[in-house]
Amino acid sequence: MSVPVFLADDLPGLSGDQITLAGPEGRHAATVRRLRAGERVDLTDGRGAVAECVVREVVGKDALRLDVLARRAVPPPEPRLIVVQGLPKGDRGELAVEMMTEAGVDVIVPWAAARCVTQWKGERAGKALARWRATAREAGKQARRFHLPEVAEQATTAGVVRLIKEAAAAAVLHEEAAEPLARLDLPASGDIVTVVGPEGGITDQEIALFRDAGATAALLGPTVLRTSTAGVAAAAVLLARTGRW
C-alpha cells in the first residue's frame, strides 16, 4: 500500500525533528485512516516540499506525533499543463477537477464560455470555486501529488485569450478540427494550454479569437466526449507525449 500523504503548512527543517499533525488532517489520519505507531506518512506543503515521517504516537483522537526521517524538495514538472474548463452542469465540474488532478494537470481554469448552461455569479461563484479547490486538494493527496494543482479564478473569454498568448503551445478541442491533438507540436518547457468547451460547444467567435491568439483547433478522437471527461483525456495524451507520464 502506498504511503499516505497529508498537508501541512509548516514542515520541520531537519531529519530527527518531530512534528504534530493536528487539525482536520490529524483527525483524518488518526480517526479515519486509523494510523498507528510505526507507520509511515509523508507530509507536504503542496508546493514541492516533502517530509518523510513515521508515526511516533497517536495523541487523543485528532492528532499524531511524527518523527521526521528525511526532507526533500520535488521540482515542479515541466512543461506545465493548463486546462481551461468550460463550466459543466451540476456536480460534473467537481468530477472533472478530480480526474484532472489525479492525471497531473497543473492549473485548472474555470471558464465562463458563451454556451455555458451553468453560470457562476455572486455568492454562487465563490461557493462553486471553493468546491473545485477542495476537490483538487483532496484528489491531490489521494494521488500523492507534492505540487497541488492551482484552481484559478473564473476566467472570461478575454482572459483565456491572454493565457493562450502567453503559452508556449495552445490547443482548443473541437470535434470538427482536422489536426489531431496527438500530433500537436509540444515544447519541452513553458505552459501548454488546452481549452475544453462546455456542453453546448465552443462558438465560432470563440474559436476565431483563440486561433488569432495562437491556439490550434485540435481533434481529441473519433468520439465526442462529455466536457467533464474531455479534459482528462486530453491531459493523458499531452502528458504521455511530453514524457511526464
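Quick caveat: nothing in here was measured; it's all calculated off a predicted structure.

**Brief notes about unusual backbone geometry**
- Backbone torsion omega between E78 and P79 reads -10 degrees, so that peptide bond is classified as cis.
- One non-glycine residue, R34, lies in the positive phi region at around 55 degrees.
- For R34, the location among the structural elements is in the loop between α1 (23–32) and β3 (40–44).
- Here R34 falls in the exposed class, since its relative accessible area comes to 53%.
- For R144, which is not glycine, the phi torsion reads 55 degrees and is therefore positive.

**As for the domain arrangement of the chain**
- Structurally, the chain comprises domain 1 (5–73) and domain 2 (80–240).
- Put simply, the middle of domain 1 and the middle of domain 2, counted by C-alpha atoms, are 33 Å apart.
- Between domain 1 and domain 2, the contact holds eleven residues from the first and seven residues from the second.
- Between domain 1 and domain 2, the buried area comes to about 840 Å², and carbon and sulfur atoms account for 58% of it.
- Of all residues in domain 1, the largest losses of buried area upon contact with domain 2 belong to V5, L7 and G46, amounting jointly to 54% of the total for that side.
- For the interface between domain 1 and domain 2, the tally reads two salt bridges.

**Some remarks on helix α6 (residues 227–241)**
- Between its first and last C-alpha atoms α6 spans 22 Å; for 15 residues at 1.5 Å apiece the expected length is 21 Å, and the two agree.
- All buried positions along α6 are accounted for by T227, S228, A230, G231, V232, A234, A235, L238 and L239.
- Contacts made by the buried residues of α6 are with β6 (80–86), α2 (92–103), β9 (169–173) and β11 (191–196).
- One or two positions beyond α6, positive phi appears at G243, with a value near 85 degrees.

What counts and what doesn't
- Numbering of residues begins from 1 in every chain and follows the order in which that chain's sequence is written.
- In keeping with the model being predicted, local features are shown solely for residues with a pLDDT of at least 70 and side-chain atom pairs are shown and tallied solely at 80 or more, while totals for entire chains, interfaces and linings include all residues.
- The side-chain figures draw on all heavy atoms in the structure; neither hydrogens nor water molecules are used.
- Put simply, DSSP marks the helices as runs of H or I at least four residues long and the strands as runs of E at least two long, and each gets a number from the N terminus on.
- Burial classes follow relative accessibility: with a 1.4 Å probe on protein chains only, a residue under 20% of its type's maximum area counts as buried, one over 50% as exposed, and anything between as partly exposed.
- Annotation comment: domain bounds sourced from an automatic or database domain assignment.
- We call two residues in contact when some of their heavy atoms are within 4.5 Å.
- As a working definition, buried area equals the accessible area (1.4 Å probe) given up by two parts on being put together, with both sides summed.
- The term salt bridge refers to a side-chain nitrogen of Lys or Arg lying within 4 Å of a carboxyl oxygen of Asp or Glu.
- In a helix, the anticipated span is given by 1.5 Å times the number of residues less one.

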